[in-house]
Amino acid sequence: MAGGEQVTDEHPLSPKLGGPAAGEGMPAVGILDWYIPRLMENRQHDLSQSGFIYPWNQDELLSRLDEGELIGFWQTGNDPREWIADRYGVESENVGIGHGVCQSLTFALLAAMPDPDSILHEKGRRKSRRIGVEMPSFGPVTQCARLLGCDVVPFYRGPSEPGDCGPWKFDREQLEEVLDDVSVIILTPMQNPTGWMLDEDDQRWIVDKAAEYGVNIVSDEVYLDSAMGDEIYRPFFEMGEHCLSVNSITKTYGLGNLRFGWVIGPPELIVAAMNAYRNLQGLMAAPSAVAPAPPPPRPR
């Protein structure tokens with residue numbers, strides 16, 4: 001993908017791009033269809049949880065979920081959003097929650113999209129239902145927009161020269177054309193599985209250009225906490241009122257069984273994300289809300 005050159009993703013495990021999808025046209029998540037049977041065979045490495053290994057005592061964590069604690073949790077007045085707010089130095093009104101990063105991504109995308117009739121492209125298209133997605137990407141990052149009735153417009157990040165392993169850069173000319181045609185872009189600054197971090201100059205450029213075009217940014221940061229304490233730790237929620245960061249305890253912390261994720265951003269977008277959460281989920285499952293507390297320690 002020299003210079004971010006577009007390529008056709010023909011591999012059967014690649015995300016399926018296109019327009020709105022439902023029914024028989026619902027795209028599969030090929031990598032999970034391939035991977036889950038191997039988990040059922042008790043393969044040694046479960047990378048759906050994390051690429052990192054921690055000595056968590058899952059039995060101890062799950063022992064909190066006795067009947068009394070599950071019933072009593074909702075009577076304590078505890079708000080799981082406060083744990084995330086304290087961890088990242090924001091207010092609870094800046095935090096939305098969900099079951100894992102994929103569900104939180106859906107809430108963030110719904111919040112980031114404008115009212116369907118509010119933005120018309122000069123060509124007459126409903127720009128509000130056109131979403132730009134970075135490729136390569138994980139299936140749900142790319143495909144959940146299609147399930148919400150959106151057209152997906154891909155843009156690419158790749159090495160500067162054919163055969164290089166890095167740095168991976170955007171084709172800015174191509175990306176600016178996408179920004180002119182969409183209402184939201186979704187990207188993954190620390191890519192999974194390459195681990196390559198978005199260059200700071202590209203990140204600053206895309207934040208500024210997205211603001212110029214009136215485009216919101218949804219950033220899948222499920223591996224970014226692994227860079228806490230390093231100069232490459234640059235979450236998008238710190239960079240603008242049009243930016244949302246999505247994360248979970250699954251990848252960096254290896255606690256995927258607990259299914260707890262969040263979205264951080266400006267209060268007006270978080271209100272919309274929480275409305276989506278209430279409509280599509282209602283409440284967090286008590287095991288997800290109870291077991292993660294207190295939050296895992298920051299990586300050193």
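Structure shown above.
Residues numbered from 1 in each chain as written. Predicted model: local features only at pLDDT ≥ 70, side-chain atom pairs only at ≥ 80, totals over all residues. Heavy atoms only, no water.

**Points about empty space enclosed by the protein**
For clarity, the cut-off: The method works on a 1 Å grid over the protein atoms by themselves. A cavity is a set of points holding a 1.4 Å probe that cannot get out, a pocket is an open set with protein on both sides within 12 Å along at least five of seven lines, and residues with an atom within 4 Å of a point line them. Grid points are joined across faces, edges and corners, and a volume is the space filled by probe spheres set on the points. Amino acid classes used here: Ala, Val, Leu, Ile, Met, Phe, Trp, Tyr, Cys and Pro are nonpolar; Asp, Glu, Lys and Arg are charged; the rest, including Gly, are polar.
On inspection of all chains with the given rule, the structure shows 2 cavities of 30 Å³ or more. Looking at the second largest cavity, its volume works out to about 50 Å³. The wall of the second largest cavity is formed by Tyr88, Glu221, Asp225, Tyr233, Pro235, Phe237, Ser245, Asn247, Trp262 and Ile264. Grouping the amino acids of the lining of the second largest cavity by side-chain chemistry returns 6 nonpolar, 2 polar and 2 charged.

**Some words on helix α9 (residues 267–280)**
Here is the rule: Put simply, DSSP marks the helices as runs of H or I at least four residues long and the strands as runs of E at least two long, and each gets a number from the N terminus on. By this rule the span expected of a helix is its residue count minus one, scaled by 1.5 Å. Contacts are assigned to residue pairs with any non-hydrogen atoms lying within 4.5 Å of each other.
Here α9 spans 20 Å end to end across 14 residues, near enough to the 20 Å set by a 1.5 Å rise per residue. Lining the buried residues of α9 we find α4 (80–88), β1 (95–98), α5 (100–112), β6 (216–220), β7 (243–248) and β8 (261–264). Where α9 terminates, the next one or two residues include Gly282, which has phi positive at roughly 90°.

**Looking at the environment of Arg130**
Defined as follows: Within 3.5 Å is the distance limit for a polar contact, defined as a pair of N or O atoms, with the added protein rule that one can donate a hydrogen and the other accept it, and that residues adjacent in sequence qualify only through two side-chain atoms.
Structurally, Arg130 is set in strand β2 (residues 130–135). In terms of polar contacts, Arg130 uses its side chain to reach the side chain of Asp181, at 2.7 Å.

**Overview of the packing of α5 against helix α6 (residues 139–147)**
Applied cut-off: To get an axis, fit a line to the C-alpha atoms, keeping to the stretch in contact for a helix; angles then go from 0 to 180 degrees between the N-to-C directions. Note that the term roughly parallel is reserved for angles under 35 degrees, roughly antiparallel for angles over 145, roughly perpendicular for angles of 65 to 115, and oblique for everything else. Two helices that cross are described as forming a left-handed crossing if the nearer one is turned anticlockwise from the farther one by less than a right angle, and a right-handed crossing if clockwise.
As a packed pair, α5 and α6 sit with axes 10 Å apart at the nearest point and diverge in direction by 40°. Between α5 and α6, the crossing angle belongs to the class labelled oblique. Helix-helix and strand crossings are classified by hand; for α5 and α6 the assignment is right-handed. From α5, Cys102, Leu105, Thr106 and Leu109 reach across to α6, where they touch Pro140, Val141, Cys144 and Ala145. A class-by-class count of the residues in the contact of α5 with α6 yields 7 nonpolar, 1 polar and no charged.

**Observations concerning the pattern of salt bridges**
Put simply, the rule reads: Should a side-chain nitrogen of Lys or Arg be within 4 Å of a carboxyl oxygen of Asp or Glu, the pair is scored as a salt bridge.
Counted by the stated rule, this structure contains 13 salt bridges. Here Asp79 and Arg81 are joined by a salt bridge, their closest N and O atoms 3.3 Å apart. Each of Lys169, Arg172, Asp199, Asp201 and Asp202 takes part in salt bridges that share partners, so that together they form one network.

**Concerning the nonpolar core**
Side chains of a nonpolar character, in soluble globular proteins, are inclined to be buried together. For clarity, the cut-off: Residues grouped as a nonpolar core are buried Ala, Val, Leu, Ile, Met, Phe, Trp, Tyr and Cys residues, joined through side-chain atoms within 4.5 Å. Residue burial is assigned from relative accessible area. The probe radius is 1.4 Å, only protein chains are included, and a residue is buried under 20% of its type maximum, exposed over 50%, and partly exposed in between.
Judged by nonpolar contacts, the single largest core of 50 residues is most densely connected at Ile131 and Val218. Looking at which element gives the most residues to this core, the answer is α5, with 7 residues. For Val218, the residues in contact, after removing those within four places along its chain, are Leu105, Ala108, Leu109, Ala112, Val184, Ile185, Ile186, Leu187, Leu244 and Val246. Counting residues in each nonpolar core, the second largest holds 19 residues, with Val153, Phe170, Ile206 and Phe236 among its members.

**Re the packing of helix α7 (residues 172–179) against helix α8 (residues 200–212)**
Think of two packed helices as two axes; the pair is described by the angle between the axes and how far apart they sit. At a minimum axis distance of 11 Å, the contact between α7 and α8 shows a crossing angle of 25°. Relative to α8, α7 is oriented roughly parallel. Relative to α8, α7 is oriented so that their crossing is right-handed. Where α7 approaches α8, its residues Arg172, Leu175, Glu176 and Leu179 are matched on the opposing element by Asp201, Asp202, Trp205, Ile206, Lys209 and Ala210.

**Some details on the packing of aromatic side chains**
Two numbers describe a pair of aromatic rings. These are the distance of the centres and the angle of the planes. Note the threshold: Put simply, two rings from Phe, Tyr or Trp (the six-membered ring, in Trp's case) pair if the centres are within 6.5 Å, and we call them stacked under 30 degrees between planes, edge-to-face over 60, tilted for the rest. We call a charge positioned above a ring when the Lys NZ or Arg CZ atom is no farther than 6 Å from the ring centre and deviates by at most 35 degrees from the ring normal.
Taken as a whole and assessed by the stated rule, the structure comprises 6 aromatic pairs. Summarising the aromatic geometry, the rings of Tyr88 and Phe237 are spaced 6.3 Å apart at their centres and angled 90° between planes, so their arrangement reads as edge-to-face. In this pair, Tyr88 sits in helix α4 while Phe237 sits in the loop between β6 and β7, placing the two residues 149 residues apart along the sequence. The burial state of Tyr88 is the same as that of Phe237; both residues are buried. Relative to Tyr277, the ring of Phe107 lies with its centre 6.0 Å away and its plane at 75°, an arrangement referred to as edge-to-face. Residue Phe107 is located in helix α5, and its partner Tyr277 is located in helix α9; the two are separated by 170 residues in the primary sequence. Residue Phe107 is classed as buried on the basis of its relative accessible area, which comes to 2%. An aromatic cluster is present here, built from Trp83, Tyr88, Phe237, Phe260 and Trp262 joined pairwise through their rings. The ring of Tyr88 is capped by Arg87, whose NZ or CZ atom sits 5.8 Å from the centre of that ring.

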